[in-house]
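Understanding the architecture of this molecule
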Amino acid sequence: MSHKAGFINIIGNPNVGKSTLMNAFVGERLSIITSKAQTTRHRIFGIVNGDDFQMVFSDTPGIIKPAYELQSSMMDFVKSAFEDADILLYMVEVGERELKDEAFFKKITHAKVPVLLLLNKIDKSNQEHLEEQVALWKEKVPNAEILPISALNNFNVDTVFNRILELLPESPPYYPKDALTDKPERFFVNEIIREKILLNYQKEIPYSVEIETEEFKEEEKIIHIKAVIMVERDSQKGIIIGHKGSALKKVGMEARADLEKFFDKQVHIELFVKVNKDWRNNQFQLRRFGYQQK
């Protein structure tokens, strides 16, 4: 019996629903989902296994014009998604009319692999508007197969999954058949804490933050975690901690609740805040946090 396997890479503008879609495919919350742009910073693999197939989904940062080194590194993850894709999922939302970077758009229209253009958030549209959008994208991306979906409401997600299965090339699996992702446990600790910061703080604060898990000790009934929240300036440190530590305590409580669900085990978490000046423009720091592969 033949086996199919391949890399299915999801690309698109910020906030179009890429992370929601991957989590729907994988059945686990591997990617942060918030209403804020630039939530996904890394390229995250979510692996779906069947008896005779393995789909390696890849969530990527939303395509933007980089303003600092961190964002340039994020766009390098998007570039790499074009290089190893067996199938490209180009995601747009109803009402959208263009990609924010012309060079990336050309890569999509000249792709040598199958492209499925997923028109997301159709629950916010009517039939007439939807037909107009389909016609627009057929003209813009003639090499793509267009599938209207609502990732949030799981509408047509099965149709996309089945179409991917049809298009998958024959190949042995790339990862062990019980694997869910390529990322280690500490990565998801960092992401869950960062999500709570995105949800609890305003303006520039969430985008100036990086998380580093310094300790992850798993015992039979409990996991002990020590994590550091890095900020760029002293003033941000005070905001993260809050009055008498109240803001930091709230982040810790919310993160612990999600971590206990994620690991299905009791969690004890300690959070610390440190200033790491201008880390978003520091190549050494970006390499240390896994943003630069060189």
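Everything quoted here is computed from the prediction, not taken from an experiment.

Some remarks on the overall build of the chain
- Each helix and strand counted, the chain has nine helices and nine strands in total.
- Counting all 294 residues of the chain, 53% fall into the buried class.
- Sequence separation of at least 24 residues holds for 72% of the intrachain contacts in the chain that already meet a minimum separation of 6.
- Just so you have it, the chain exposes about 14200 Å², and 50% of that area is on carbon and sulfur atoms.

Description of the nonpolar core
- Among the nonpolar cores identified, the biggest contains 27 residues, and Leu21, Phe25, Met55, Phe57, Leu89, Leu118 and Ile164 are the most heavily contacted of them.
- Those elements that place two or more of their residues in this core are β1 (4-12), α1 (18-26), β2 (44-50), β3 (53-59), β4 (87-93), β5 (115-120), α5 (157-167) and α6 (185-200).
- With residues near it in sequence (within four places) discarded, Phe25 still touches Val48, Phe57, Leu89, Val157, Val160, Phe161 and Ile164.
- Counting 25 residues, the second-largest nonpolar core is a separate cluster that includes Val189, Ile211, Val251 and Phe263.

What to know about the sheet that holds β2
- The six strands are arranged β2-β3-β1-β4-β5-β6 in an open sheet whose pairing can be described as mixed. In this open sheet, the two edge strands, each paired with only one partner strand, are β2 and β6 (144-148). Within the sheet, the average angular offset between the axes of one strand and its neighbour, ignoring direction, is 25°.
- In terms of strand pairing, β1 meets β4 through five bridges, oriented parallel. Bridge pairing links Gly12 to Met91 in β4.

So, the environment of Lys226
- One can find Lys226 in strand β8 (residues 222-231).
- Relative accessible area serves as the criterion here: at 31%, Lys226 is assigned to the partly exposed category.
- For the pair Lys226 and Phe272, spaced 46 residues apart in sequence, the C-alpha to C-alpha distance is 7.9 Å.

Digging into the sheet that holds strand β9 (residues 266-275)
- Read across the sheet, three strands follow the order β7-β8-β9 without closing on themselves; strand pairing throughout is mixed. Where the open sheet ends on each side, the last strands, each with one partner, are β7 (210-218) and β9. Each adjacent strand pair in this sheet contributes to an overall mean axis angle of 15°, direction not counted.
- The sheet contact formed by β8 and β9 spans ten bridges and is parallel. Across the sheet, the residue bridging to Ile222 is Gln266, located in β9.

Some thoughts on the packing of aromatic side chains
- In the structure shown here, the tally under the stated rule is ten aromatic pairs.
- Ring geometry for Tyr90 against Phe105: centres 6.3 Å apart, planes inclined by 75°, an arrangement best described as edge-to-face. Placement of the pair is Tyr90 in strand β4 and Phe105 in helix α3 (residues 102-109), with a sequence separation of 15 residues. Accessibility assignment for this pair places Tyr90 and Phe105 in one class, buried.
- Here Phe187 and Phe188 contribute two aromatic rings whose centre-to-centre distance is 5.2 Å and whose plane-to-plane angle is 90°, an arrangement assigned as edge-to-face. Phe188 carries the same exposure label as Phe187, and that label is buried.

Comments concerning the confidence of the model for the chain
- Model confidence for the chain is summarised by a mean pLDDT of 83, while 85% of its residues fall at 70 or above.
- A low-confidence stretch, residues 32-38 (pLDDT under 50), is modelled with 32 contacts involving residues beyond four sequence positions or located in other chains.

Observations concerning the side chain of Asn276
- Here Asn276 is to be found in the loop between β9 and α9 (283-288).
- Excluding residues that lie within four positions of it along the chain, Asn276 makes contacts with Met230, Val231, Glu232, Gln285, Arg288 and Phe289.

Some details on the pattern of salt bridges
- Counted by the stated rule, this structure contains eleven salt bridges.
- In this structure, Glu166 and Arg163 form a salt bridge, with 2.8 Å as the shortest nitrogen-oxygen distance. You can see Glu166 and its partner Arg163 sitting in helix α5, three residues apart, about one turn around the helix.
- Relative accessible area serves as the criterion here: at 54%, Glu166 is assigned to the exposed category.
- Glu254 is paired through a salt bridge with Lys250; the nearest N and O atoms lie 3.6 Å apart. A residue pair is termed a helical-turn pair when its members lie 3 or 4 positions apart in one helix, as Glu254 and Lys250 do in helix α8 (residues 246-263) at four residues.
- Taken together, the shared-partner salt bridges connect Glu145, Arg163 and Glu166 into one network.

Conventions and cut-offs
Residues numbered from 1 in each chain as written. Predicted model: local features only at pLDDT ≥ 70, side-chain atom pairs only at ≥ 80, totals over all residues. Heavy atoms only, no water. Helix = DSSP H or I, 4+ residues; strand = E, 2+ residues; numbered from the N terminus. Buried < 20%, exposed > 50% of the residue type's maximum accessible area, 1.4 Å probe, protein only. Contact = heavy atoms within 4.5 Å. Areas by Shrake-Rupley, 256 points an atom, 1.4 Å probe, with all protein chains shown as cover. Core = buried A, V, L, I, M, F, W, Y, C linked by side-chain atoms within 4.5 Å. Pairing = 2+ DSSP bridges. Axes fitted to C-alpha atoms, helices over the stretch in contact; angles between N-to-C directions. Phe/Tyr/Trp six-rings, centres within 6.5 Å; stacked < 30°, edge-to-face > 60°. pLDDT = per-residue confidence, 0-100. Salt bridge = Lys/Arg side-chain N within 4 Å of Asp/Glu carboxyl O.

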